[in-house]
Amino acid sequence: MRVLLTGHQGYLGTVMAPIITAAGHEVFGLDSGLFADCVLGPAPADPPCHAVDLRDVGPEHVEGFDAVIHLAALSNDPLGALAPELTYDINHHASVRLARLAREAGVRRFLYASTCSVYGASGGEGLVAEDAPLRPVTPYAESKVRVEDDLRELADDDFSPVFLRNATAFGFSPRLRADIVLNNLVGHALLTGTVRVLSDGTPWRPLVHAQDIARAFELALVAPREAVHALAFNVGSEQNNVTVAEIAAEVVEAVPGSELLITGEAGNDPRSYRVDFARVRAALPGYEAVWSVKAGARELVDAYREHGLTQDAFDHRFTRLSRLAARRAEGTVDETLRP
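Here goes a summary of the coordinates provided. (Residues numbered from 1 in each chain as written. Predicted model: local features only at pLDDT ≥ 70, side-chain atom pairs only at ≥ 80, totals over all residues. Heavy atoms only, no water.)

Some points on the overall build of the protein chain
Threshold: Strands are runs of DSSP state E lasting at least two residues, helices are runs of H or I lasting at least four, and both sets are numbered from the N terminus onward. The globule rule used for comparison is 2.2 Å times the number of residues to the exponent 0.38, while the radius of gyration itself is calculated over C-alpha atoms. Contacts: residue pairs with any heavy atoms within 4.5 Å of one another. Note on areas: these come from Shrake-Rupley sampling with a 1.4 Å probe, and a residue is covered only by the protein chains present in the view. When charges are counted, neither His nor the chain ends are considered; positive counts come from Lys and Arg and negative counts from Asp and Glu. Throughout, a charge is located at the NZ atom of Lys, the CZ atom of Arg, the CG atom of Asp or the CD atom of Glu.
Looking only at helices and strands, the protein chain has 13 helices and 14 strands in total. Taken over the C-alpha trace, the protein chain has a radius of gyration of 19 Å; the compact-globule value for 339 residues is 20 Å, and the two agree within 12%. Relative to all contacts within the protein chain whose residues are 6 or more apart in sequence, the contacts with residues 24 or more apart total 84%. Carbon and sulfur atoms provide 51% of the accessible area of the protein chain, an area that totals close to 13,000 Å². Distance between charge centres in the protein chain, computed from 31 positive and 46 negative side chains, equals 1 Å.

Given below as structure tokens:
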């Protein structure tokens, strides 16, 4: 298949592009380049691409493709809180517009990177499946719910949207993110000797490795239409439903000499949920998320040490929130985000 991969220069896209290519598909990227220089270690080899902001995509950018994998977004909750108007403009409105253009261009499959954050304030001890009530508590999660709703309205006999609700990602990527929980805690442990948890450590989080996310998208790309058409799939594994305190404990074990500090200064986090991943395994035969939190923590320790992670890069270059805040301070919103 000829596949358009949006966000190919992001944390997940940089891992996904070679996996989709290795499966025999022709990958073409589309990215604004906002995080293209967030590289730790050797620079990755990117596929050919359109350097364009998602809001500026036109019919010419989607013509000739069999499928679209749509990852591009302003990603995570603190970033959405910093700039909610941007989050809705890019993550919601521009995503739906991309899907409409893709449908008009004859694209048959549209894989949308949603998130388990849509379950937000579900709470409780039971596992939430795809039919559970959606209770987003942030602009980022709300934008994902809105896109899912709008894409369902676009689904027809010739256009199949698929919603892959990824658990919280972790693991090494050549384009690093340091503002997601496991990556962040490992970095702090190595650079400061402290594993610092700002909440009370009790909220549940489902986690999944970037490579396991990429494998789910690879399989969803070629799955029979009847197995995936206009359906949502949680992407991850039950073994990685863990509390923040449990994540921190794995980091302490992976970084000898580090100490755990649970401050509780951020108060009670309403985002707490454990997720059921049975549907994705049933719909995509052969899929299993193989990376554990323990293995991911050790992978990150090795990668950070090998590539010489520094405190300044960790705090600024690899943290989406600080990078966007700095760019917004330099000029207007459009000038700072568009290529």
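Back to the write-up after that little detour.
Let's talk about the packing of aromatic side chains
Short version of the rule: Within 6.5 Å between ring centres, the rings of Phe, Tyr and Trp (the latter by its six-membered ring) count as paired, and their orientation is classed by plane angle as stacked under 30 degrees, edge-to-face over 60, tilted in between. Burial here depends on accessible area, computed with a 1.4 Å probe over protein chains only, as a share of the maximum for the residue type. Under 20% is buried, over 50% is exposed, and the range in between is partly exposed. Note on criteria: charge over ring means Lys NZ or Arg CZ within 6 Å of the ring centre, with the direction from the centre no more than 35 degrees off the ring normal.
This model, assessed by the stated rule, comprises three aromatic pairs. Both rings, one in F28 and one in F65, keep their centres 6.1 Å apart while their planes meet at 50°; by these two values the pair is tilted. Placement of F28 in strand β2 (residues 26-31) and of F65 in the loop between β3 (49-51) and β4 (67-70) is noted, with a sequence separation of 37 residues between them. By the burial criterion, F28 is buried, and F65 matches it. Lying over the aromatic face of F65, R2 brings its terminal NZ or CZ to 4.4 Å of the ring centre. We note R320 situated over the ring of F35; from NZ or CZ to the ring centre the distance is 4.0 Å.

Structural notes on the nonpolar core
In a soluble, globular protein the nonpolar side chains are often hidden away together inside. Put simply, the rule is: The definition of a nonpolar core used throughout is a set of buried Ala, Val, Leu, Ile, Met, Phe, Trp, Tyr and Cys residues joined through side-chain atoms within 4.5 Å.
With 64 residues, the main nonpolar core has V57, F110, L151, L182, V186, V251 and F318 as its most contacted residues. Judged by nonpolar contacts, the second largest core, of 45 residues, contains A223, V235, Y273 and L284.

Describing the packing of helix α8 (residues 244-254) against helix α10 (residues 293-307)
Stated precisely, the cut-off is as follows: To obtain each axis, a line is fitted to C-alpha atoms, and for helices this fit is confined to the stretch in contact; angles are then taken between N-to-C directions over 0 to 180 degrees. Geometric relationships in this document are graded by angle, where less than 35 degrees denotes roughly parallel, more than 145 denotes roughly antiparallel, 65 to 115 denotes roughly perpendicular, and other angles denote oblique. Helix crossings get a hand from a simple test, with the near helix turned counterclockwise from the far one by less than a right angle marking a left-handed crossing and a clockwise turn marking a right-handed one.
α10 packs onto α8 with a crossing angle of 45° between their chain directions and a minimal axis gap of 9 Å. Relative to α10, the element α8 is oriented oblique. Viewed along their axes, α8 and α10 form a crossing whose handedness is right-handed. From α8, E250, E253 and A254 reach across to α10, where they touch V293, K294, A297, R298 and V301.

Some remarks on the sheet that holds β2
Note the threshold: Should DSSP find at least two bridges between two strands, the strands are regarded as paired.
Spatially, β3-β2-β1-β4-β5-β7-β11 is the arrangement adopted by the seven strands of the open sheet, whose pairing is parallel. The strands lining the two open edges of the sheet, one partner per strand, are β3 and β11 (232-235). Averaged over all neighbouring strand pairs, the angle between strand axes comes to 20°, with direction disregarded. In this sheet, strand β5 (residues 109-115) lies alongside β4 in parallel orientation, the contact comprising four bridges. When the sheet's bridge partners are listed, A67 is paired in β5 with R109. Where helix α4 (residues 139-154) meets the sheet, its contacts fall on β5, β7 (160-166) and β11, and the angle it forms with β5 comes to roughly 155°.

So far we have only geometry, and geometry alone does not tell us how the molecule works.
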